[in-house]
Amino acid sequence: MTIQERVDALLKKMTLKEKIGQLNQAGTTMTCTLPGFEPDMDTWVSEMLQGKITKAELDRRVAMCEENLREDEIRDGLLGSYVNLYDDEKIARGTDIARKESRLGIPVFVGVDVIHGYRTMFPTPLALSCSWDLDAVRRETQVAKREAWVSGVNWTFGPMLDISRDARWGRIVESPGEDPFLAGEIGRVQVEEFQREEEDGCRLMATAKHFLAYGAASGGQDYNTVDMSERQIYETYLPPFRAAVDAGVGAVMSAFHDLNGVPCTMNRWLLTDVLRKELGFDGFVVSDAEAVKQCVVHGTARDEREAAKESLLAGGDMDMSSLDYIQYLEDLVQSGEISEEEIDRAAGRVLAKKFEFGLFDRPWTYDPERIRKTVLSEENRAAALDVGKRCAVLLKNDGVLPIGDSVRKILIVGALADDRQALMGPWSFTGRADDQITIVEGMRRYAPEGVEITYCRGFGVDEDRSGFEEAYKAAKEADLVIAVAGEEAYMSGEAASRADLHLTGCQEEFLLGIAGRSVPTVVVLVNGRPLAIGALQEHTGIGAILESWHLGTEFGNAVAEILFGRYNPSGKLTVTFANEGGQEPMYYNHPNTGRPGNDFKFTSKYQDVPIKPLYPFGYGLSYTTFAYEKLTLEKTTLKMEDTLRCRVTVKNTGKREGEEIVQLYIRDLAASVVRPVRELKGFQKISLAPGEEKTVSFEVPVTRMGFYDQTCHYRVEPGTFRVFAGPDSTKGLEQDFEVI
Ligand code: BGC
């Protein structure tokens, strides 16, 4: 029988209520074992995300509560899917009830945010994108998939594919950066790997989220409104979702915000016309958490009943956490406002994915020994280290790095250097702080014999200056200072927008203070977003800046390998660093104005900050240097059906082996609508020995050089184009070609 036949046969046996149950996704509920202690998960999680309580404290409180698996609802077929159930024993219980005790034995989806690893944490998505390394993306995804799958998870709420051009937005840390092409490549690999079935049945259904344009939240403020032209939607925000759909993604999550006036949750144009009819998506749409009922708050539904109706009719198949579908859909069918066919269609989509992902035929079996052997294995940690070191970006280096033989005494300063929780980064609920390697530990582990490492807290992310003097004194004894600054985990991620992109508290003051004391200083940044760190770039006392984002469980080891030169940094930025938050959104592929910024007054710029970004998209240093030579085009006149074939030679002109990310951009010089000054069309990460040169070839079909015209139709216009091949979005060799 085909999946569709199995779905149809099953639907025939189901009651209306059971079908609606498949559209209902909810978490567990809490009851308390201690008298007088009221469980309040939402507030606790919120407090943890704001740094008010630690994860350990949250765990302690949760331990005092009993998690109710909604057993009766599962048994009655009223809950088709769990959201964020992590405990493997409980997953075993919940999934067993569905299979063995419900009338039809329909299995449940267990959906979890597997964002950057499961138990073994890996680099955050933003960090991972900075590797520009699709093999690394695949490895991270594979390990996360296996750890989650053995633990009973069968669905992940990832990859997040929101193009992010605004560092004020806290969720930029969950994104693959600002470029649609790179994000699409990464998303495609993640979807393929999460969903690839391994021999023992290991696979997760993936979710492309948040549909759509959530990254463009107005002012970088989370959940905020988005008003956007269709061209912008199609050219910038849709492509990664198209790539995910083409790769067969099972689910799409609609976003919280309103897009052009209609909340994505009930946006029929978005969820039906664009997603299903244009992209050809055949999976199901899940709302974001409680987003169905939030349509009432948006003011586009009178009450939750209407919100349920409008969401379902718009194309939203599953309700995450609002409990509105389960409460109102039956009545809406009985009153004739929704037809039963609508319910069948949505339930059919969910069931089809349950069949496709093996929930019926290859159910997960609970095997504590297998979990123990799999999660956090030596092998997985090694993979996390290897992927981790590929993601850090060297932003500045006057030669102080890698740490040379003459350095015998190293002082590490900064609370973040030794803070396990902060180093894990946001979205690491399934990880454990105890597993986390700190920067202090990593540096001690990798320090060559005879090199002394001292740690002094000195400063944190707040205003407390009481540790300054001790640190400054300790610096006098050191040959090198490694200062770790940035953001705590809760300062990026969901609901963590910031209006000011400077280092918080007294961090900059401390860093400039120590840098002025004639001890070479290296700044290691731990953060989730680009920061306004122009003062550090300018200060000659700061010899190097390493952007390490959050590199996962092996963070400290990865940083140590880079600082001691055992690994030559190879990451490049996938997001622009503005000089000041007031310049956001700042991104490389912007349209040209009629008056591009320059020294002349009447041009597009701010009076009080440099025109150019602090660090552009695609930028990143290495311990070696590369030269670009000979950009050659196979043909300089191309027809519409042709492919641009070009080659560029890259040479390692330094003394160390290193990897270079060779980037290819194009620009349409004159078109009927304004085109970006550059658009990424290809990239390759290559490794070169000292003195070695390689010729890198790129192929870009002319059909990929088009745009959406004034009537929002995609087309390629004949004319002159420019191709650039270089080390970042501002440099490189260039040559023109004609499209006829
Ligand atoms: C987030 C989603 C996430 C969901 C479930 C929401 O708050 O926006 O990205 O998948 O929670 O945890």
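So, a few notes on the structure that sits alongside this text. (Residues numbered from 1 in each chain as written. Predicted model: local features only at pLDDT ≥ 70, side-chain atom pairs only at ≥ 80, totals over all residues. Heavy atoms only, no water.)

Structural notes on the sheet that holds strand β19 (residues 626-633)
At step 1: Ordered in space as β19-β21-β24, the three strands form an open sheet in which the pairing is antiparallel. Edge strands, defined here as strands with exactly one partner in the open sheet, are β19 and β24 (693-701). On average, each strand axis in the sheet is inclined to that of its neighbour by 25 degrees, with strand direction left out of account.
At step 2: With seven bridges joining them, β19 and strand β21 (residues 643-652) adopt antiparallel strand pairing. (Pairing = 2+ DSSP bridges. Helix = DSSP H or I, 4+ residues; strand = E, 2+ residues; numbered from the N terminus. Axes fitted to C-alpha atoms, helices over the stretch in contact; angles between N-to-C directions.)

So, the site of the ligand
At step 1: Taken together, 13 residues are adjacent to the ligand, and D113, R171, H210, D288 and E494 come closest.
At step 2: R171 is positioned such that a nitrogen or oxygen atom in its side chain is 2.7 Å from an oxygen atom of the ligand.
At step 3: Within the complex, the protein chains bury 92% of what would otherwise be the 310 Å² of accessible surface of the ligand.
At step 4: Class assignment for the residues of the shell around the ligand results in six nonpolar, two polar and five charged. (Near = heavy atom within 4 Å. Polar contact = N/O pair within 3.5 Å; in protein donor to acceptor, adjacent residues only side chain to side chain. Areas by Shrake-Rupley, 256 points an atom, 1.4 Å probe, with all protein chains shown as cover. Nonpolar A, V, L, I, M, F, W, Y, C, P; charged D, E, K, R; others polar.)

Side note on the layout of surface pockets
The rolling of a water-molecule-sized probe over the atoms marks out the regions of remaining empty space.
At step 1: Computed from the structure, the second largest pocket encloses a volume of approximately 1,000 Å³.
At step 2: Forming the boundary of the second largest pocket are 29 residues, of which M586, Y587, H590, I611 and P613 lie nearest the centre.
At step 3: Each residue belonging to the lining of the second largest pocket can be placed in one class, and the counts come to 15 nonpolar, nine polar and five charged. (1 Å grid on protein atoms, 1.4 Å probe; cavity = no way out; pocket = protein on both sides within 12 Å on 5 of 7 lines; lining within 4 Å. Points joined across faces, edges and corners; volume = space filled by probe spheres on them.)

Describing the packing of aromatic side chains
Centre distance and the angle of the planes are the two values used to describe a pair of aromatic rings.
At step 1: Within the structure shown, the criterion is met by 27 aromatic pairs.
At step 2: When the ring of W132 is compared with that of F683, the centres are 5.5 Å apart and the planes differ by 80 degrees; the resulting orientation is edge-to-face. Of the two residues, W132 is situated in the loop between α7 (125-129) and α8 (134-150) and F683 in strand β23 (residues 679-688); the sequence distance between them amounts to 551 residues.
At step 3: By the ring-pair criterion, three or more aromatic residues cluster together here, those being W132, F181, Y588, F617, Y665 and F683.
At step 4: Over the face of the ring belonging to Y587 we find R165, whose NZ or CZ atom lies 3.7 Å from the ring centre. (Phe/Tyr/Trp six-rings, centres within 6.5 Å; stacked < 30°, edge-to-face > 60°. Lys NZ or Arg CZ within 6 Å of the ring centre and 35° of its normal.)

Concerning the nonpolar core
Burial of nonpolar side chains together is a common tendency in soluble globular proteins.
At step 1: Ranked by internal contacts, the top residues of the largest apolar core, which has 102 residues, are M443, I482 and I533.
At step 2: Among all residues touching I533, those that are not within four sequence positions of it are L395, L503, L525, I545, F577, L614 and Y615.
At step 3: Membership of the second largest hydrophobic core comes to 64 residues, among which are A26, L85, L270 and A291. (Core = buried A, V, L, I, M, F, W, Y, C linked by side-chain atoms within 4.5 Å. Buried < 20%, exposed > 50% of the residue type's maximum accessible area, 1.4 Å probe, protein only. Contact = heavy atoms within 4.5 Å.)

Thoughts on empty space enclosed by the protein
At step 1: Counted by the stated rule, this structure contains two cavities of 30 Å³ or more.
At step 2: Roughly 160 Å³ of internal volume is contained in the largest cavity.
At step 3: In terms of lining residues, the largest cavity is bounded by 19 residues, among which V114, I115, P125, P159 and Q190 are the most central.
At step 4: Mapped by element, the contributors of at least two residues to the lining of the largest cavity are α7, α8 and α9 (180-195).
At step 5: Of the residues that constitute the lining of the largest cavity, the class distribution is eleven nonpolar, six polar and two charged.
At step 6: Counted as a void, the second largest cavity has a volume near 120 Å³.
At step 7: Among the elements of the structure, α2 (16-22) and α5 (71-75) are those that each provide at least two residues to the lining of the second largest cavity.
At step 8: By residue class, the composition of the lining of the second largest cavity is eight nonpolar, five polar and five charged.

Things to note about the pairing of strand β28 (residues 733-739)
At step 1: Summarising the sheet, strand β20 (residues 637-638) and β28 pair through two bridges and their orientation is parallel. Looking at the pairing, T637 lines up with E738 of β28.
At step 2: Two elements, strand β27 (residues 719-726) and β28, share seven bridges in a ladder whose sense is antiparallel. Within the sheet, the bridge partner assigned to F721 lies in β28 and is F737.
At step 3: Joining the antiparallel neighbours β27 and β28 is a turn of six residues, in which G732 adopts a positive phi near 120 degrees.

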